[in-house]
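Here's the letter readout for the chains.
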Amino acid sequence: MSSFDFEAAVKAPFRMQPGLRRAPGAAHPASINSNEANAVPAPQLTLLRPGSAQQREKLAVLSAFWPQALLAQSGFDAAPALHAVCELAANTYPQAWEWDGRQAHAQLLGTACRVDGQVEQTAAGQFGLGDEVARCLAVLPASWRLTGLLSLSFREDLAIIDGPQGTLPWLAVTLPSHWAPEEKLGLPFQAVHAPVADNQQLLQASAALLQLVHAAPAAQTDSQRGAGFLERFVWNITAHPRLHAHPQRVDPER
């Protein structure tokens, strides 16, 4: 999210909490009816500034360590979810992201990517030599290039939850906070959060959280699609200056 809800996230004493809630004003832009024409939906994706520190770190991770960031179980088809995110991005930021079902175009980055992985440099980028994004995507397997373009265009990392199984079959996490995404692939929700300190409240609520996340979109009509966005704010303290905190990449010295 673009703004951190201090009141919702910061409690004393500091404890891990489920904290999941429906995002305010979170109707998909395409689903807003005439009575909501003046409403401003809360953005579910946050556009990255070209050349920002976060984008540069993502570029470095996807260029050098992408197998630890882009992960999928064998045979899992992420295309429907990935295309839904592309559509959401196009509806939220039409000035920066185009999507026609076959190709995504990140205008600010001067890069387009087809669903088959073909990458096109459409203009010079706004930082560096101007072709950093296209060169980064070329390093990735073709099946991951559209995901890579999404990752370099928006702040958020992505994960897919298999609702009936309660597992994580797909992850695109470039900036983990002291955990290894490759160790979480395919694990149940409870196992993913087992190492978290002070996690009892979260684990006890895991079944209800999974049911809430999985049921919200399914319970909606087509006209309500997108109104079930949920959010959770988390904060922590770090002893190093980088956003990428994979355990293998963090200096042991503060």
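Residues numbered from 1 in each chain as written. Predicted model: local features only at pLDDT ≥ 70, side-chain atom pairs only at ≥ 80, totals over all residues. Heavy atoms only, no water.

Trainee: I keep staring at the sheet that holds strand S7 (residues 158–162) and nothing clicks. Help me out?
Mentor: What links the strands of a sheet is backbone hydrogen bonding, and the strands pair in either a parallel or an antiparallel sense. The strand order S2-S8-S7 describes an open sheet built from three strands, whose pairing is antiparallel. Of all the strands in the sheet, the pair left with one neighbour each is strand S2 (70–72) and S7. Averaged over all pairs of adjacent strands, the angle between strand axes in this sheet comes to 25°, irrespective of strand direction. Across three bridges, the pairing between S2 and strand S8 (residues 167–172) is antiparallel. (Pairing = 2+ DSSP bridges. Helix = DSSP H or I, 4+ residues; strand = E, 2+ residues; numbered from the N terminus. Axes fitted to C-alpha atoms, helices over the stretch in contact; angles between N-to-C directions.)

Trainee: Whenever I open this one, the packing of helix H4 (residues 132–139) against helix H5 (residues 145–153) confuses me. Can you help?
Mentor: If you want to describe how two helices pack, look at the angle between their axes and the distance between the axes. Between H4 and H5, the shortest axis-to-axis distance is 9 Å and the interhelical angle comes to 145°. Judged by the twist between their axes, the crossing of H4 over H5 is right-handed. Across from Val133, Cys136, Leu137 and Ala138 in H4, the residues of H5 making contact are Arg145, Gly148, Leu149 and Leu152. Along the lines of polarity and charge, the residues of the contact of H4 with H5 split into six nonpolar, one polar and one charged. (Left-handed = near helix turned anticlockwise from the far one by under 90°. Contact = heavy atoms within 4.5 Å. Nonpolar A, V, L, I, M, F, W, Y, C, P; charged D, E, K, R; others polar.)

Trainee: Hey, could you run me through the packing of aromatic side chains in this one?
Mentor: Per the counting criterion, the structure on display carries three aromatic pairs. Summarising the aromatic geometry, the rings of Tyr93 and Phe154 are spaced 5.9 Å apart at their centres and angled 40° between planes, so their arrangement reads as tilted. In this pair, Tyr93 is assigned in the loop between helix H3 (79–92) and strand S3 (97–99) and Phe154 in the loop between H5 and S7, connecting sequence segments 61 residues apart. Just as Tyr93 is buried, Phe154 falls in that class too. Both rings, one in Trp144 and one in Trp170, keep their centres 5.6 Å apart while their planes meet at 25°; by these two values the pair is stacked. (Phe/Tyr/Trp six-rings, centres within 6.5 Å; stacked < 30°, edge-to-face > 60°. Buried < 20%, exposed > 50% of the residue type's maximum accessible area, 1.4 Å probe, protein only.)

The analysis is restricted to geometry; functional conclusions fall outside its scope.
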